[in-house]
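A structural walkthrough
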Amino acid sequence: ILVAVLTHIIGGCGHYPEVSATTFQHAKALYSVCNRHDATRLEACAEMINAAAAEEKISSSEAGYLREIVAAARNAAWDDAQAMARQLMADQADR
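This is a predicted model, so every value here is computed, not measured. (Residues numbered from 1 in each chain as written. Predicted model: local features only at pLDDT ≥ 70, side-chain atom pairs only at ≥ 80, totals over all residues. Heavy atoms only, no water.)

Thoughts on the packing of aromatic side chains
Between two aromatic rings, the relevant description is the distance of the centres plus the angle of the planes. Applying the stated criterion across every chain yields a total of one aromatic pair. When the ring of Y16 is compared with that of Y65, the centres are 5.3 Å apart and the planes differ by 70°; the resulting orientation is edge-to-face. One end of the pair, Y16, is in the loop between α1 (2-10) and α2 (21-36); the other, Y65, is in helix α4 (residues 60-74), with 49 residues separating them in the sequence. Summarising the burial analysis for this pair, Y16 and Y65 share the class buried. (Phe/Tyr/Trp six-rings, centres within 6.5 Å; stacked < 30°, edge-to-face > 60°. Helix = DSSP H or I, 4+ residues; strand = E, 2+ residues; numbered from the N terminus. Buried < 20%, exposed > 50% of the residue type's maximum accessible area, 1.4 Å probe, protein only.)

Things to note about the nonpolar core
By size, the foremost hydrophobic cluster in this structure holds 26 residues, and its most contacted members are L30, L42, L66, I69 and L88. Counting residues per element, the ones that place at least two in this core are α2, α3 (39-54), α4 and α5 (78-93). Those residues within four positions of L66 in sequence are excluded, and the remaining contacts are T23, H26, A27, L30, I49, I58 and L88. (Core = buried A, V, L, I, M, F, W, Y, C linked by side-chain atoms within 4.5 Å. Contact = heavy atoms within 4.5 Å.)

With respect to α4
Note: α-helices contain 3.6 residues per turn, so residues at a spacing of three or four share the same orientation. Across its 15 residues, α4 extends 20 Å between first and last C-alpha, which sits within 8% of the 21 Å expected from 1.5 Å per residue. Three or more residues of α4 are buried, namely E62, A63, Y65, L66, I69, V70, A72 and A73. (Expected span 1.5 Å × (residues − 1).)

Things to note about the pattern of salt bridges
Taken as a whole and assessed by the stated rule, the structure comprises two salt bridges. Its salt-bridge partner being E43, residue R74 comes within 2.7 Å of it at the nearest N-O pair. With R74 in helix α4 and E43 in helix α3, this residue pair connects regions lying 31 residues apart in the sequence. Across the salt bridge formed by E55 and K57, the nearest N and O atoms sit 3.1 Å from each other. With a relative accessible area of 53%, K57 lands in the exposed category. (Salt bridge = Lys/Arg side-chain N within 4 Å of Asp/Glu carboxyl O.)

Observations regarding the side chain of Q82
For Q82, the location among the structural elements is in helix α5. Not counting the four nearest positions on each side in its chain, Q82 is found in contact with Y31, C34 and N35.

Structural data, given as structure tokens:
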């Protein structure tokens, strides 16, 4: 499933929908973490994303987008994860 999502998003076949400012900030943090290949900070980000979802500060679909980025990074696909975070942010600029 992850490969299909990566192919879909990175391949330019789809874009992320509008997300909240909170989700955008999480994507920004993930972009930085992926740029540094920082596994420790990645786990801290994952915990913050889970907390935000549990507290309903981000929607379940937004949490899903962010968790896909985390999953890619956890699988050592740092560049793909960074590209996904960048795409999520770029898609917000178009709005």
